[in-house]
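Okay, here's what each chain looks like letter by letter:
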Amino acid sequence: MKQNIPAMIIINVRFLTQQLTGVQRFAFEICKRLPKKIGNKKVVFVVPDEEIINKFDDDKELVTIGRFKGQLWEQISLPAFLKKNNNPLLINFAGIAPVFYKHKIMVLHDLAFKHHKEWFNFYFSIAYNLFIPISIRNSKILVTVSEYVKEDISKTYKLKKEKIKVIYNAPSKKFINIESKRKKIILTVSSIDPRKNLKRIIEAFNSVESDYKLIIVGKKHKTFSNLGLREETLNDNIIFTGYLPDRELFKMYNNAEIFIYASLFEGFGIPPLEAQACGCACIVSNTTSLPEIYQNSVKYCDPYSVESIKNGMINLINDADFRNQLINKGLENVKLFTWEKSTKEFIKIIKEIT
């Protein structure tokens, strides 16, 4: 007699075992807003037997499955569970996803691994460039986070645009402007990896005559290649904090006068939105997805030019009126992006294919 298995939508939440950076934040914010049922299907969150670093603050039940961890769990344990449960729709928010499983929605944030292999360690680069194209083609729908990335995926992998849907990121509601007295701080928040362009940011900062401090928030990850920062470029006015939880990051955003994000490549770029929500005037790269997201609400710089980055800093340091204009424009720009809106769009995509 065939077992009667209830209709389900499976959400891979292995990202809960990872630190909350851009990819994981998108997944976390969408997942925590998903209902218990979509249509007549129960939403089930599955994880490997690993430590949960980030927990949902409601009554969402996590189902632990499989005996493997990491990629082995994703490529062996998860597909086995899906097959046992009548191959339900899988939502995969981060990573490669079960490569050969075809009944899935896959989220892919950018193609940095394809265009800039030198930014990643050897094993990560090989795995992503080998398996992501297969996983993409074995997905019913691919979700990404900007029109820029949609165009890039379509062109790079010859994928029909109607198979790719865009859902924007948003800032967390934890980040608000408390209108506190600002300190002479230029802040940047990112993972410590080559694409974030910290070497040029530091070089530019060191060439600016001011009494500002440069504070760099973030943690280096084994995924990325070496930054190659030279000790002689660092001084007492440059502070590395390491990874900060949201409550500390909120304070940092509200202390800083200026936020800089001179990244070389972004699928979306959440930190400047968080900074804008907290009332920071922002300097942002004029490349990839960033002009699409930030429009006229920031001061743009050429991330490949130390002189351009330097001039952006000097402009905002010396012109309080311009800083205030960007603060006001930033607060308006933030209103265009909400996790509630993005979650509704994601649910609509799920309903269309179930």
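Residues numbered from 1 in each chain as written. Predicted model: local features only at pLDDT ≥ 70, side-chain atom pairs only at ≥ 80, totals over all residues. Heavy atoms only, no water.

Caption draft 1: Spotlight on the overall build of the chain. For the chain, the count of helices and strands is twelve helices and 14 strands. Over its C-alpha atoms the chain spans a radius of gyration of 21 Å, differing by no more than 12% from the 20 Å that the globule rule assigns to 354 residues. Its C-alpha atoms put the chain at 80 × 40 × 40 Å along the principal axes. Expressed as a percentage of the 354 residues in the chain, the buried residues total 55%. Of the contacts formed within the chain by residues at least 6 apart in sequence, a portion of 69% connects residues at least 24 apart. Surface accessibility of the chain: about 16,600 Å² in total, with carbon and sulfur atoms responsible for 52%. Of the charged side chains in the chain, 54 are positive and 37 negative, and the gap between their average positions amounts to 9 Å. (Helix = DSSP H or I, 4+ residues; strand = E, 2+ residues; numbered from the N terminus. Rg over C-alpha atoms; globule rule 2.2 N^0.38 Å. Buried < 20%, exposed > 50% of the residue type's maximum accessible area, 1.4 Å probe, protein only. Contact = heavy atoms within 4.5 Å. Areas by Shrake-Rupley, 256 points an atom, 1.4 Å probe, with all protein chains shown as cover. Lys, Arg positive; Asp, Glu negative; His and termini not counted. Charge placed at Lys NZ, Arg CZ, Asp CG, Glu CD.)

Caption draft 2: Here's a closer look at the side chain of K150. By the element assignment, K150 lies in helix 5 (residues 147–157). No salt bridge forms around the buried K150; measuring N to O, its nearest opposite-charge neighbour E147 is 4.5 Å away. When sequence neighbours within four positions are dropped, the list of residues in contact with K150 reads T144, K161, I164 and V166. (Salt bridge = Lys/Arg side-chain N within 4 Å of Asp/Glu carboxyl O.)

Caption draft 3: Representation of the sheet that holds strand 10 (residues 213–217) in the model. An order of 11-10-9-12-13-14 is seen for the six strands of this open sheet, with the pairing classed as parallel. The open sheet terminates on both sides in strands that have one partner only, identified here as strand 11 (238–242) and strand 14 (299–301). Taking each pair of neighbouring strands and ignoring which way they run, the sheet shows an average axis angle of 25°. (Pairing = 2+ DSSP bridges. Axes fitted to C-alpha atoms, helices over the stretch in contact; angles between N-to-C directions.)

Caption draft 4: A look at the nonpolar core. The biggest cluster of nonpolar side chains holds 62 residues, and the ones touching the most others in it are I11, F15, F93, L187 and F346. When sequence neighbours within four positions are dropped, the list of residues in contact with F346 reads F26, I30, I91, F93, I105, V107, V143 and I167. Ranked by size, the runner-up nonpolar core spans 25 residues in total, among them I192, L214, I216 and L316. (Core = buried A, V, L, I, M, F, W, Y, C linked by side-chain atoms within 4.5 Å.)

Caption draft 5: Structural context of the packing of aromatic side chains. This model, assessed by the stated rule, comprises 18 aromatic pairs. Geometrically, the ring pair formed by F45 and F56 is tilted, given 5.8 Å between the ring centres and 55° between the ring planes. With F45 in strand 3 (residues 41–47) and F56 in the loop between strand 3 and strand 4 (62–64), this pair connects stretches of sequence that are eleven residues apart. The class of F56 is buried, set by a relative accessible area of 11%. Aromatic side chains F122 and Y123 sit 5.4 Å apart centroid to centroid with 80° between the ring planes, which places their arrangement in the edge-to-face category. Residue classification places F122 among the exposed residues on the basis of a relative accessible area of 59%. The exposure class assigned to Y123 is exposed, which follows from its relative accessible area of 69%. The rings of F15, F26, F93, W339 and F346 are connected pair by pair, giving a single aromatic cluster. The cationic tip of K60 hangs over the ring face of F56; the distance from NZ or CZ to the ring centre is 6.0 Å. (Phe/Tyr/Trp six-rings, centres within 6.5 Å; stacked < 30°, edge-to-face > 60°. Lys NZ or Arg CZ within 6 Å of the ring centre and 35° of its normal.)

Caption draft 6: Quick look at the pattern of salt bridges. Under the defined criterion, the tally for this structure stands at 15 salt bridges. In this structure, E74 engages R14 in a salt bridge whose closest nitrogen and oxygen atoms are separated by 3.3 Å. Of this pair, E74 sits in helix 2 (residues 70–84) while R14 sits in the loop between strand 1 (8–12) and helix 1 (22–31), and the two are 60 residues apart along the sequence. The burial state of E74 is the same as that of R14; both residues are buried.

Caption draft 7: Layout of helix 5. Here helix 5 has its buried residues at V149, K150, D152, I153, S154 and Y157. For helix 5, the secondary structure elements touched by its buried residues are helix 3 (112–115), helix 4 (122–137), strand 7 (141–144) and strand 8 (164–166).

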